[in-house]
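# Structural characterization, general
Here are the chains, one letter per residue:
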Amino acid sequence: MEVTDIGNKEEGKIWLQKPTPGRRVLVTVVRTAQQTKTVRFLHVAFDTTGDCFLAGDHHGNIYLFDISRNRFRLVQKTGQACTAIAFSLRRTTEFLVALADYSIKCFDKDTKQLVSWMRGHEGAVSSISVHSSGRYAITTSSDTAQLWDLDTFQRKRKLNIRQSVGIQKVFFLPLSNTILSCFSDDSIFAWESDTLFCKYQLPVPDSGPRISYKAFAVTRNGKSLAAGGRSNLLHLWCLESQQLVRVIQMPTQVRSVRQLEFLSDSFDGGASQTLGVLSQDGVMRFVNIHTCKLLFHMGSVDEAIAAVAVGPNSRHIAAIMDNGSINIYSMQSVTQELNKPPPFKVAVVSGGEADQDFSNIKIKVKSEKIQRPAKSSGRGTKVKTLRPPAGSAADDKENELPSGLNKKRLLALLKAFGEFPAKYRMFVWKSLLCLPENYAAYSSLTDKGLHSAFLTLHDKYPIKSLKLQRGLQRVLSALAHWAAIFAEVEYLPLVAFPFVKLFQNNPMLCFEVVATVIVNWCQHWFEYFPNPPLNILSMAENVLAHHDKELLQHLVDCGITSQLYLWPLLETLFSEVLTRDEWLRLFDNIFSNHPSFLLMACVAYVISCREPLLLCSQKKDFEYFFHHRNNLDVGAMIKEAYRIMCSTPADIHPRTMLSDFTPLTSGQYPVFNQYPEFIVEYQSRERERIRLQEMEYIKERQELSALRADFVRRQAEEKAYFAQQELLQKAEEQRRNILAQEEENLAQQRTKLAAMKRELKVKELHLLDATRRRFLKQQQELQASQIQRLDQEISWKMDLREQETAAAVQDLEVRQMELEAQRKQLEQDLLKEQKRFGLEVEEEVQLKMREAERAEESYSEMLHNTEKNLQALEESLAEAHQLGMESDWQREVLDRLQQVDAEQERKRERLAQLQRQTLAEEERLAYTMREVAARKAVYRYFLWLLLFMENHVGDFQWDEVASIRSQLQEQRAAWSTAEPGVRQRKTQSQCPSQGPLPRPAASVATKGVNTAVGGCGAPTQRQAGATMVCLNSSSPSGSTSTNFSLDRGRAHLDSSERELLKEIRELRQKLAARARETCSASSQSVHTLSSVS
């Protein structure tokens, strides 16, 4: 079996090695905190898949174990112990946790965030039931049950009951809307979850003993209910017929039932047949509810199970063991033997008498034998009622213990064997003392930490085992937090130590056992605090006086009081004078009897040792005797105690003074105030004062020790300082002596050094003279070699220059030939361009002239039409005159004729003005054409000049270039001044339409270029003659000047050429714009004439 200690890990693997097939327990999960402290797991719950379950430990940590993925992780730290846990069925990532502060919290296991916090209970929540739809949840405590809406986390309903009747459990039935509520009086009610209407009540059985239901289980189809309690009987109810159909009696080892769980099967349709029964001995037995046969079991008395959780698919079972660990069982391995086929039946036939008697053959079926579960036929339900044993009905209710044990039987067993079985002793003690197991109350005490009174317990009571020491501190601190007097009682560690050593793995049970012993067997012990309980000692002394006066008189004669021979036994509970086995045997009898039996045991111990006591006379001998082990028969002492218990008179019997056994209350521990509070408070104040004084003393002692250490440190520093000063003085004297010697040596060395310097200077002068002579000679040789090298370089450069000159001449000749060819090609291109441009200009001029002639013709036609209109008007007027129109009409006609004449005069003036404007535009157009022709001539001349410069580089001088540039600038200035003059003349010209128009003539005097323009009054004819002189002669051969830079002149000419081309483009654009304006003006004049006509 593999054990996994998760410790303080937040995630990891559940098992390191994969479980082998057939292993019942897959893994055991434990959690140990710091210093090997085991933290108990309290509750587990599976999710709907059955592969994951939640587990909450005593510290409030919630872990998620995923069996299919072999992983676990910490999903929440609540800080307090949980009392119930359940998964939410609608939102699978959420789960509900009931905590020790009576609240319920909902967390998300993935995000680890708090979803909701629900409050309303006034007691610890014992169970959480979630509806199959996941919408509602029911939380149950001992006094109330509350219905919650998990969508809004609001409380819908609350079930209140009388204080006399407690609630055992309230839960939802599977696959229905029915709520089942079970109460402490064995009554069971069914309610409708929506309306909370009571549907039915199960009848309480009249016959048979009362079971006191504690555990319930419902099949997966919600049709059958199993209930068990403080008995070995199980009731099986049919919820459809509301009848008790079967009573199942468990084996005799079962005294009470802690938990019931049904195992589901894939093929039973939800009608589960296998029921798991967890009894008080920690063993879970699985039985078939139809055949009432025991199938198998889990756990044992040594490895007791405290609680279990079964997965929905019944593949795994998570069991919380009594030691706080979790065992994960594989149901496939557990039921492996159950699912095997039945063995073959072999029948042996033997010969014999025919009348052989078979009556002696008996077949016994043992309940522990594993039997195969029989399938239900479904035809009908057979009711099998098993009656309890006949003697069980006669048991007194007073002898019934919470765990199902019977006190009379235990006493009979104790009298027969003298002690309880060691294997079951802790369980028997737990039942006899009726321990309530108040986890929440104990947690609230331990959460307060160690009490200040027991922080230095190890100094007074040194214990080798660190685990026992801390366990003792924990239990004593819890007792001190429970009642203030226990922080002042000096002998409390002696009382509690035997139980701490016995219950070291379960500190809560240890605390409750010690508390029960103090409440019952230590009655009236603290009334005379801080003195020993004189009243109790007087009771025991009276009993001793009654049964052995001689021994008491001997003790009185020796000056030995009851504080010396009885109180050591009581304050240590016999742990100093008895061995472990003897002490356990004695307390088996003490816990089984009245609290006064402890005093009887003390008296019996003294009487049993009367012989050696009668021989003692010194006080120290008596002290040693009652603080050390002695040769004593414990069995005889116990018998003597029973004899004294029975034979002591009632007037001196301690039973009359002491109360009967009273167990601790459930839920919260009772209030303990049976002590003088003022003394305890005074002692606590005194202890606090002493503690403060001790702290002040410790503080002063620490300050004093610090001052002492400071003084010692300073003294050591002073000694070291003076020693260092002495050493420094000695070292200074030595260094002074060394310096004097060094100065003498230095003076001698200086004299020697001066002589050596003189010698070195003389040698240096000789060397410098020789070096100077060698340097001069070397310089002369170097200058001679340099002159020779320069002569060689000059000759080499002269040769190279001649070669470069010859190559340059050849290159110039080749370049001249290339330029000649380019010049000829350029001349041809220019001639072609000139011709084409001249033709285009002539065509444009002729087109403009034709348009002007058409305009004049249209104007003459308009005048002729006007004259015709006037003649017709005159004829009409004559006809009107002839008809004898009145004179006033004649005057009116004359006035109108005059108006018409005036209008015609205005129109003629307008036509004349339009004609003048047309002529001015024609003159401007002719001037523009002449300007363009002149610029082309200049451009051609400039190109010729460029060619000429390239062909006659040697003869051409820059003075000529400057003169040509000045001529070009003057000509450009003349053009710029001529154009405004033309515009001014155009505006001032007032010549008649038939007269000749003045035409400006521009002559460009350039080398080889003449332009003449003439003519006015006739169709404009342009005659331009250009005579271009081509200079083809080569440059004189005698010119070899290389001062002219051809590249620089070429760049300048290129820039001039670009400027000329730019000016030509601008002139073309202006010409086109003026032509468009002329066309628009002529069209406007024609439109005006048509409107006048």
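As the structure is a computational prediction, the values presented were derived from the model and not from experiment. (Residues numbered from 1 in each chain as written. Predicted model: local features only at pLDDT ≥ 70, side-chain atom pairs only at ≥ 80, totals over all residues. Heavy atoms only, no water.)

Looking now at the sheet that holds strand β15 (residues 154–160). Taken in spatial order, the four strands line up as β12-β13-β14-β15 in an open sheet, and their pairing is antiparallel. This sheet does not close on itself; its edge strands, each paired only once, are β12 (125–130) and β15. Strand-to-strand twist of the sheet, defined as the mean angle between neighbouring strand axes without regard to direction, takes the value 20°. (Pairing = 2+ DSSP bridges. Helix = DSSP H or I, 4+ residues; strand = E, 2+ residues; numbered from the N terminus. Axes fitted to C-alpha atoms, helices over the stretch in contact; angles between N-to-C directions.)

To continue, consider the pattern of salt bridges. When their charged atoms lie close together, side chains carrying opposite charge are able to pair. Tallied over the entire structure, the rule returns 32 salt bridges. A salt bridge links Glu732 to Arg736; its shortest N-O distance comes to 2.9 Å. With Glu732 and Arg736 both in helix α18 (residues 677–882), this residue pair falls four residues apart, about one helical turn. A relative accessible area of 40% means that Glu732 is categorised as partly exposed. The class of Arg736 is exposed, set by a relative accessible area of 54%. Here Glu840 makes a salt bridge to Arg836, at a shortest N to O gap of 2.6 Å. Here Glu840 pairs with Arg836, and both are found in helix α18, just four residues apart, close to one helical turn. Glu840 sits in the partly exposed class, given a relative accessible area of 33%. Judged by its relative accessible area of 37%, Arg836 is partly exposed. (Salt bridge = Lys/Arg side-chain N within 4 Å of Asp/Glu carboxyl O. Buried < 20%, exposed > 50% of the residue type's maximum accessible area, 1.4 Å probe, protein only.)

Moving on to a negative patch on the surface. Taken together, the side chains of Glu853, Glu856, Glu857 and Glu861 present a region of like negative charge at the surface. With a relative accessible area of 52%, Glu861 lands in the exposed category. (Patch = residues over 30% accessible without salt bridge, like charges linked within 9 Å, V, L, I, M, F, W, Y side chains within 5 Å. Areas by Shrake-Rupley, 256 points an atom, 1.4 Å probe, with all protein chains shown as cover. Lys, Arg positive; Asp, Glu negative; His and termini not counted. Charge placed at Lys NZ, Arg CZ, Asp CG, Glu CD.)

Two numbers describe how helix α7 (residues 492–502) lies on helix α13 (residues 580–591): the axes approach to 13 Å, and their chain directions differ by 105°. Classed by the angle they form, the pair α7 and α13 counts as roughly perpendicular. Touching Pro498, Phe499 and Leu502 of α7 are Arg580, Trp583, Leu584, Phe587 and Phe591, all from α13. Looking at the contact of α7 with α13, its residues break down into seven nonpolar, no polar and one charged. (Parallel < 35°, antiparallel > 145°, perpendicular 65-115°, else oblique. Contact = heavy atoms within 4.5 Å. Nonpolar A, V, L, I, M, F, W, Y, C, P; charged D, E, K, R; others polar.)

Moving on, we come to the environment of Leu236. As for its placement among the helices and strands, Leu236 is situated in strand β22 (residues 233–238). Sequence-distant contacts of Leu236, that is, excluding residues within four places in its chain, are made with Leu225, Ala226, Gln243, Leu244, Val245, Arg246, Phe262 and Ile289.

The next point concerns the packing of aromatic side chains. For the structure on display, the rule yields 36 aromatic pairs. Relative to Phe672, the ring of Trp482 lies with its centre 5.8 Å away and its plane at 45°, an arrangement referred to as tilted. Here Trp482 is found in helix α6 (residues 466–482), whereas its partner Phe672 is found in the loop between α17 (634–647) and α18, with 190 residues between them in sequence. Across the pair, exposure class does not vary: Trp482 and Phe672 are buried alike. Each ring, one from Phe511 and one from Tyr669, has its centre 5.2 Å from the other, and the planes form 70°; the classification is edge-to-face. On the criterion of sequence distance, the pair formed by Phe511 in helix α8 (residues 507–520) and Tyr669 in the loop between α17 and α18 is long-range, its members being 158 residues apart. We classify Tyr669 as buried; its relative accessible area is 11%. The ring centre of Trp117 lies 4.1 Å from the NZ or CZ of Lys105, which sits over that ring. (Phe/Tyr/Trp six-rings, centres within 6.5 Å; stacked < 30°, edge-to-face > 60°. Lys NZ or Arg CZ within 6 Å of the ring centre and 35° of its normal.)

Here the focus is the packing of helix α9 (residues 534–547) against α17. Here α9 crosses α17 at 95°, and the two axes come no closer than 11 Å. In terms of orientation, α9 and α17 fall into the roughly perpendicular class. For the pair α9 and α17, the contacting residues are Val543, His546 and His547 in the first and Arg643, Ile644 and Ser647 in the second. Each residue belonging to the contact of α9 with α17 can be placed in one class, and the counts come to two nonpolar, three polar and one charged.

Before going further, it helps to spend a moment on the sheet that holds strand β26 (residues 284–288). Pairing in this open sheet of four strands is antiparallel, and the strands run β24-β25-β26-β27 from one edge to the other. Two strands bound the open sheet, and with one partner strand each, they are β24 (257–263) and β27 (294–298). The mean angle between the axes of side-by-side strands here comes to 20°, regardless of whether they run parallel or antiparallel. Summarising the sheet, β24 and strand β25 (residues 274–279) pair through six bridges and their orientation is antiparallel. Along β25, the bridge assignment pairs Leu263 with Thr274.

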